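One letter stands for each residue in the lines below.
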Amino acid sequence: MPGQRSLCLQVISLYKRSIMKMRYLISCVKILIVVLVLTLFLKFCIERSAFTQLSSNRNLNRPSYGQKGLSDKASLLTPVVRKERCIWEPPPKRNVIPKIKLDPTKFLYPGIRSGPNNQMRQLLKIVHVAILLNRTLVVPNFYSHFSVGQQIVQPYQRVDVDRICGLVSCVTLETFQKVCNGTFHNVFLQKQNFPGNFYITTAKDTGLAIRWPWDKTTNKVKSTSGLTVERIFPNKQLSLTEIKEYFNVPKPCALYPGHADDMSFFYLKPSLPLPDMVEDISKLQEDDLKFAIMEAVGALPQVIDDIALAYSQKVFKGDYVGVHWRYDDSDWARHCTVFKDPTCKNFKRISGKHIATAIHNDLQKSMTKFTQGINIYIAAPPSMLTFAQSIVTELKRLNSTFHIASQTLKEFVTDKIDSCFKKNNWHFGDTLSLIEMALMQRSEYFYYSKSSTWSKNCQQRRWFVPQNGKLAVMKYEASIFDLSEAVLMSGS
Ligand SMILES: Nc1nc2c(ncn2[C@@H]2O[C@H](COP(=O)(O)OP(=O)(O)OP(=O)(O)O)[C@@H](O)[C@H]2O)c(=O)[nH]1
Ligand SMILES: [Mg+2]
């Protein structure tokens, strides 16, 4: 029957179409499976090559972070998380070759003390002494200032270790501990004696024993048993030639405490750069050597410079004037009771208004130089924050083109603090102070605080900011204290 036939034909064609659709679907699934397998295979190959690269990079001066006890094969199977190096990590180890090679079997540890900036002044002298005595320098621990909470500061958090070790042969404290078998052999003194507390903390912080007290006549440790630790105590200030004579001893592990009067680097003018390899230090001019020491020892850690630059670019977008007001009641005022500093006569009478007027008056002559208005950064110890704010208020009142950053450095740095900062035990107050120093170093004009080593170290570093491709060109500086005192005296 025709009706039944056409129904049959329709069913057959439907059946054929669904078979074709099924085949189409099956081939799609097949293609999908092939693509999936290929992707997995490719991923496996890429990961394999990353692992291979990683394992071949191992031991190339990198610390190994792998779990102890894992076989090589097992460590290959440990998942690897690749991440950017955190800015607060210790810089990667580099193999630097020193310009001045020192005896690798004899060492000098700088026992530096007092405020961070005094530590820096002492270190300058001790690096010089290490060169004169031909002893490898041990890169020492530093300390933060008691006013912001004292703690040990790792060398890379205070100085550019590679710069120092690029000038003189150096070792880490860990190496020193090992080669000295856990003890100092000599202590080099001049006219200053150091209290027992100095030796106790130095021994504790370095992990090396110092046996004392010494017998006054022999300068050897009173006790007869154990290793001899000898102090050399001429009881007078030594010249450089005398330092070479008095401290010329054979034992390898010496401590040189930072002396309060080691200030011979203060008024040094730039001189010739050292050659890449110094064959004979006796042929060098003393000032050339000292200037090279100032450049290397004074260099700030890269991360500090980077943050200072990022901040100034963000808030100023151009040149700025730096002001340091150091004279706080809580710490600096000790200069008045202890040192009878002449600055003390008027420092409490100077107000934010006097300082702002002094800056305003002094900048009058430079108005044409700063065509886009004048950016000003005021640095001061944390205890002087309100006082510094009063300078800012007065500055804005005196001249509306003065621009003071809307975001404080503290806010800017706080934003950059992460788990890595905390893990590496960076000290916030110490770091902030260093970044402010880097800002002063880079400022176009610098109004410094006389009688402050903080300011003095900024002045020293300003020699080493390249200007028009040249190093050692001193930019404008003036004593903010003297200018403000003059305003106070004039009664304006
Ligand atoms: N953030 C910040 N901290 C400062 C500033 N000035 C001083 N300080 C703090 O005060 C400490 C004092 O520094 P010192 O290293 O003793 O230097 P100094 O007191 O200027 O020098 P001396 O008078 O020779 O002791 C620094 O380490 C900082 O912690 C500043 O402008 N900004
Ligand atoms: Mg101080």
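Residues numbered from 1 in each chain as written. Chains lettered and ligands numbered in written order. Predicted model: local features only at pLDDT ≥ 70, side-chain atom pairs only at ≥ 80, totals over all residues.

Quick look at the overall build of the protein
What counts, and what does not: Numbering goes from the N terminus for both helices and strands, where a helix is a DSSP run of H or I of at least four residues and a strand is a run of E of at least two. Exposure classes come from backbone-placed C-beta atoms, where a residue is buried if 20 or more other C-beta atoms lie within 10 Å of its own, exposed if 12 or fewer do, and partly exposed in between. The contact criterion used here is simple: two residues whose C-beta atoms, placed from the backbone, lie within 7 Å are in contact.
When its secondary structure is counted, the protein shows 18 helices and 13 strands. When the 492 residues of the protein are sorted by exposure, 32% land in the buried category. Residue pairs at least 24 apart in sequence account for 77% of intrachain contacts in the protein once pairs closer than 6 positions are excluded.

Quick look at unusual backbone geometry
One non-glycine residue, asparagine 235, lies in the positive phi region at around 65°. Within the secondary structure, asparagine 235 is located in the loop between β7 (230–232) and α7 (240–246). The phi angle at serine 451 is positive, at roughly 65°, despite the residue not being glycine. Mapped onto the fold, serine 451 is located in the loop between β12 (445–448) and α17 (453–462). Judged by local crowding, serine 451 falls into the partly exposed class, with 19 C-beta atoms found within 10 Å.

Quick notes on the site of ligand 1
This is how the line gets drawn: For each residue, a C-beta atom is placed from the backbone, and the residue is labelled near a molecule or strand when this atom is within 6 Å of it. Throughout this entry, Asp, Glu, Lys and Arg are counted as charged residues, while Ala, Val, Leu, Ile, Met, Phe, Trp, Tyr, Cys and Pro are counted as nonpolar. The remaining residues, Gly among them, count as polar.
Near ligand 1, the surroundings consist of 21 residues, among which Gly115, Asn117, Ala379, Thr453 and Trp454 are the closest. Considering every element that reaches the shell around ligand 1, the biggest residue donor is helix α16 (residues 428–442), with four residues. Residue classes in the shell around ligand 1 are distributed as nine nonpolar, 10 polar and two charged.

What about α17?
Among the 10 residues in α17, nine count as buried, and that is most of the element. Those residues of α17 that fall on the buried side of the exposure criterion are Thr453, Trp454, Ser455, Lys456, Asn457, Cys458, Gln460, Arg461 and Arg462. Along its buried surface, α17 packs onto α3 (116–133), α8 (286–298), β9 (321–324), α16 and β12.

A short note on the confidence of the model for the protein
Counted only if it meets this: pLDDT measures how confident the predictor is about each residue, on a scale from 0 to 100.
Mean pLDDT over the protein: 84, with 83% of residues reaching 70 or higher. Every residue in residues 44–79 scores below 50 in pLDDT, and together they form eight contacts with partners more than four places removed in sequence or on other chains.

Here we look at the sheet that holds β12
Rules: Strands qualify as paired when DSSP identifies two bridges or more between them. The axes are straight lines fitted to the C-alpha atoms, using for helices just the contacting stretch, and the angles between their N-to-C directions are given from 0 to 180°.
Read from one edge of the open sheet, five strands run β11-β10-β9-β12-β13, paired in parallel fashion. One side of each edge strand has no neighbouring strand; the edge strands of this open sheet are β11 (402–404) and β13 (477–479). Across the sheet, the mean angle separating the axes of adjacent strands is 25° when strand polarity is ignored. As paired elements, strand β10 (residues 374–379) and β11 share three bridges and run parallel to each other. Residue isoleucine 376 lies in a different strand from β11, and its bridge partner there is isoleucine 404.

Considering the environment of tryptophan 212
Considering the arrangement of structural elements, one finds tryptophan 212 in the loop between α6 (196–206) and β7. Judged by local crowding, tryptophan 212 falls into the partly exposed class, with 17 C-beta atoms found within 10 Å. Apart from residues no more than four positions distant in its own chain, tryptophan 212 is found in contact with Gly196, Tyr199 and Val221.

Let's talk about the sheet that holds strand β5 (residues 170–171)
Within the open sheet, the six strands sit side by side as β5-β2-β1-β8-β6-β7. Their pairing is parallel. Every interior strand has two partners, whereas the edge strands, β5 and β7, have only one. Examined bridge by bridge, strand β6 (residues 186–188) and strand β8 (residues 253–257) share two bridges and lie parallel to one another. Among the inter-strand pairings, valine 187 is bridged to a residue of β8, identified as leucine 255.

Examining the pairing of β8
A regular strand places its side chains so that they alternate between the two faces of the sheet. Of all five residues making up β8, five are buried, and the element is well covered by its neighbours. Neither face of β8 is left uncovered, since the one carrying Cys253, Leu255 and Pro257 and the one carrying Ala254 and Tyr256 both have all their residues buried.

Brief notes about the environment of isoleucine 435
As for its position among the elements, isoleucine 435 is in helix α16. Under the C-beta neighbour-count criterion, isoleucine 435 is labelled buried, with 25 such atoms within 10 Å. Those residues in contact with isoleucine 435 that lie beyond four places of it in its chain are Ile304, Ile307, Ala308, Leu409 and Val413.

Looking at the nonpolar core
Where a protein is soluble and globular, its nonpolar side chains tend to be buried together. Formally: Each nonpolar core reported here comprises buried Ala, Val, Leu, Ile, Met, Phe, Trp, Tyr and Cys residues connected via C-beta atoms within 7 Å.
By size, the foremost hydrophobic cluster in this structure holds 49 residues, and its most contacted members are Leu108, Val127, Ala130, Ile164 and Val168. Looking at this core, the element that brings in the most residues is α3, giving nine residues. Apart from the residues within four sequence positions on either side, leucine 108 is in contact with Ile126, Val129, Ala130, Leu133, Arg135, Leu137, Val138, Ala254 and Tyr256. Listed in part, the 44 residues of the second largest apolar core include Tyr311, Val321, Phe402 and Ile435.

Thoughts on the pairing of β12
Of the two faces of β12, the one carrying Tyr445 and Tyr447 and the one carrying Phe446 and Tyr448 are both buried. The pairing of β9 with β12 spans three bridges and is parallel. Counted as the bridge partner of valine 321 is tyrosine 445 from β12. In this sheet, β13 lies alongside β12 in parallel orientation, the contact comprising three bridges. Residue pairing across strands places tyrosine 447 opposite alanine 478, the latter belonging to β13.

Details of the packing of α16 against α17
Each pair of packed helices can be described by the angle between their axes along with the distance between the axes. Where we set the bar: Note on terminology: angles under 35 degrees are roughly parallel, angles over 145 are roughly antiparallel, angles of 65 to 115 are roughly perpendicular, and the others are oblique. Here a crossing is called left-handed whenever its near helix is offset anticlockwise from the far helix by less than a right angle, and right-handed whenever the offset is clockwise.
Look at α16 against α17: their axes get within 8 Å of each other, and the N-to-C directions meet at 50°. Here α16 is positioned oblique relative to α17, judged by the angle of their axes. Considering how the two elements wind past one another, α16 and α17 form a crossing that is right-handed. Residues Met437, Met440 and Gln441 of α16 form the contact with α17, whose own contacting residues are Trp454, Asn457, Cys458, Arg461 and Arg462.

Overview of the packing of helix α12 (residues 352–363) against helix α13 (residues 385–398)
The geometry of α12 relative to α13 is characterised by a closest axis approach of 8 Å and an angle of 50° between their N-to-C directions. With respect to their mutual orientation, α12 and α13 come out oblique. When you trace α12 past α13, the crossing you get is right-handed. Packed against α12, whose contacting residues are Gly352, Lys353, Ile355, Ala356, Thr357, Ile359 and His360, the element α13 presents Phe387, Ser390, Ile391, Glu394, Leu395 and Leu398 at the interface. Per-class residue counts for the contact of α12 with α13 are seven nonpolar, four polar and two charged.

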